[in-house]
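# Inside the fold
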Amino acid sequence: AVEAVRKVLVASPDNVDALRRLVGLHRAEKRYDEAIATARRLVELEPGNDMYLYSLAWLYDEAGDKEQSVSILRRVIEMNPQNGEALNHLGYTWAERGEN
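As a starting point, this report considers the structure included with it.

With that out of the way, let us pick up the overall build of the protein. Looking only at helices and strands, the protein features 6 helices and 0 strands. Mapped in sequence order, the helices and strands of the protein form the string α-α-α-α-α-α. For the protein, whose C-alpha radius of gyration is 14 Å, the value lies close to the compact-globule estimate of 13 Å for 100 residues. Its C-alpha atoms give the protein principal-axis dimensions of about 45 × 25 × 15 Å. In the protein, buried positions account for 37% of the 100 residues. Taking all contacts inside the protein whose residues are at least 6 apart in sequence as the whole, residues at least 24 apart take part in 42%. Surface accessibility of the protein: about 6,000 Å² in total, with carbon and sulfur atoms responsible for 49%. A distance of 3 Å separates the average location of the 13 positive side-chain charges in the protein from that of its 17 negative side-chain charges.

Calculation rules
- Residue positions are counted from 1 within each chain, in the order its sequence is given.
- Reporting in this predicted model follows two pLDDT cut-offs: at least 70 for local features of residues, and 80 or more for side-chain atom pairs to be given and counted; totals over whole chains, interfaces and linings ignore these cut-offs and use all residues.
- Think of the side-chain values as coming from all heavy atoms in the structure, minus any hydrogens and water.
- Going along the chain from the N terminus, every DSSP run of H or I of four or more residues is numbered as a helix, and every run of E of two or more is numbered as a strand.
- Our radius of gyration looks at C-alpha atoms and nothing else; its globule reference is 2.2 Å times the residue count to the power 0.38.
- Summary of the burial criterion: residues with accessible area below 20% of their type's maximum are buried, those above 50% are exposed, and those between are partly exposed, where the area comes from a 1.4 Å probe applied to protein chains only.
- In this description, contact between two residues means that some pair of their heavy atoms is separated by no more than 4.5 Å.
- Each accessible area is a Shrake-Rupley estimate made with a 1.4 Å probe; only the visible protein chains count as cover when residues are assessed.
- The charge count includes Lys and Arg as positive and Asp and Glu as negative, but it does not include His or the ends of the chains.
- Each charge is placed at NZ for Lys, CZ for Arg, CG for Asp and CD for Glu.

Quick look at the structure:
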């Protein structure tokens, strides 16, 4: 499946649907470096999309980089203070760490 998506991206490197699918495939394989790089590309293409930014925060969390995840979660909440998923994620992260 990864190769099929990559072929689409060769023809259309800014294909958001293909990039989202690739993030999911890499995430399922726990290939977090590649998933993060692809998610960063999505954020570059659509910087106003708080859900793409939130997905990036989630990937950093799963990869074990809590500091980067928290930093991005704060950006998501600045962008959209009503993003309940980001608010919840940040709250749980702080609770797990005994912060705030």
